[in-house]
Amino acid sequence: MQTEMNEYAAALDFGSPKIALAVGEKCENGIRIISYNDVRTDGIDKGEIVKDKQTVDAIRELVRKAEEQTGKHIGIANAKSRLDMLCGGTLTVTSQPGQ
């Protein structure tokens, strides 16, 4: 019996004064959104990150909400520091941490 592997995509949108996270499942017609949340933060001003801690806290809140809604682990690959999380990370969506 062959198991079908679903593919997922996640995207962060940094706007003022909110950050949004969408998670989608790839399907034959494109991507079906399975989770969308946004949070207000004073860490963003006119689309620029002005307060690292508030921005990171907002991202963590969005990830937590998306994980609860989807039952998937959402990680930020290649993020070794708070700055990497903001500027150089890649969002990954897996069934469990470490996959």
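Calculation criteria
Residues numbered from 1 in each chain as written. Predicted model: local features only at pLDDT ≥ 70, side-chain atom pairs only at ≥ 80, totals over all residues. Heavy atoms only, no water. Patch = residues over 30% accessible without salt bridge, like charges linked within 9 Å, V, L, I, M, F, W, Y side chains within 5 Å. Areas by Shrake-Rupley, 256 points an atom, 1.4 Å probe, with all protein chains shown as cover. Salt bridge = Lys/Arg side-chain N within 4 Å of Asp/Glu carboxyl O. Helix = DSSP H or I, 4+ residues; strand = E, 2+ residues; numbered from the N terminus. Buried < 20%, exposed > 50% of the residue type's maximum accessible area, 1.4 Å probe, protein only. Polar contact = N/O pair within 3.5 Å; in protein donor to acceptor, adjacent residues only side chain to side chain. Contact = heavy atoms within 4.5 Å. Pairing = 2+ DSSP bridges. Axes fitted to C-alpha atoms, helices over the stretch in contact; angles between N-to-C directions. pLDDT = per-residue confidence, 0-100.

Trainee: Any chance you could explain a nonpolar patch on the surface here in plain terms?
Mentor: A surface patch of nonpolar side chains, amounting to about 320 Å² of accessible area, comprises Ile31, Ile33 and Tyr36. Residue position: isoleucine 33 is located in strand S3 (residues 30–40).

Trainee: Got a minute to help me understand the side chain of serine 35 in this structure?
Mentor: Mapped onto the elements of the fold, serine 35 is located in strand S3. Since its relative accessible area comes to 3%, serine 35 is described here as buried. Within the local environment of serine 35, its side chain forms a polar contact with the side chain of glutamine 69, the two groups lying 2.5 Å apart. Excluding its chain neighbours within four sequence positions, the residues that come into contact with serine 35 are Leu21, Ala22, Val23, Ala66, Gln69 and Thr70.

Trainee: Just to check I follow, could you spell out the pattern of salt bridges for this structure?
Mentor: Where side chains of opposite charge bring their charged atoms close, a pairing between them can arise. Evaluated as defined, the whole model comprises seven salt bridges. A salt bridge links lysine 18 to aspartate 38, with the nearest nitrogen and oxygen atoms 3.6 Å apart. One end of the pair, lysine 18, is in strand S2 (residues 18–27); the other, aspartate 38, is in strand S3, and 20 residues separate them in sequence. Overall, lysine 18 belongs to the partly exposed group, its relative accessible area being 33%.

Trainee: Looking at this structure, I do not really get the sheet that holds S2. What am I missing?
Mentor: In space, the three strands of this open sheet follow the order S1-S2-S3, with antiparallel pairing throughout. At either margin of the open sheet sits one strand with a lone partner, and together these are strand S1 (8–14) and S3. For this sheet, the mean inter-axis angle between neighbouring strands, taken without regard to orientation, is 15 degrees. Pairing geometry for S2 and S3, over ten bridges, is antiparallel.

Trainee: Looking at this structure, I do not really get the confidence of the model for the protein. What am I missing?
Mentor: As a note on interpretation, predicted positions should not be read in detail where pLDDT is low. Mean pLDDT over the protein works out to 79, with 70% of the residues at or above the 70 mark. Confidence, read as mean pLDDT per element, is least for helix H2 (residues 82–87) in the protein (56) and greatest for S3 (93).

Trainee: Explain the side chain of threonine 41 to me, please; I cannot follow it from the model alone.
Mentor: Mapped onto the elements, threonine 41 comes out in the loop between S3 and strand S4 (44–45). With relative accessibility at 10%, the residue threonine 41 sits in the buried group. Of the polar contacts made by the side chain of threonine 41, one reaches the backbone oxygen of glutamine 54; its length is 3.5 Å. Those residues within four positions of threonine 41 in sequence are excluded, and the remaining contacts are Pro17, Lys18, Ile19, Gln54, Thr55 and Ala58.

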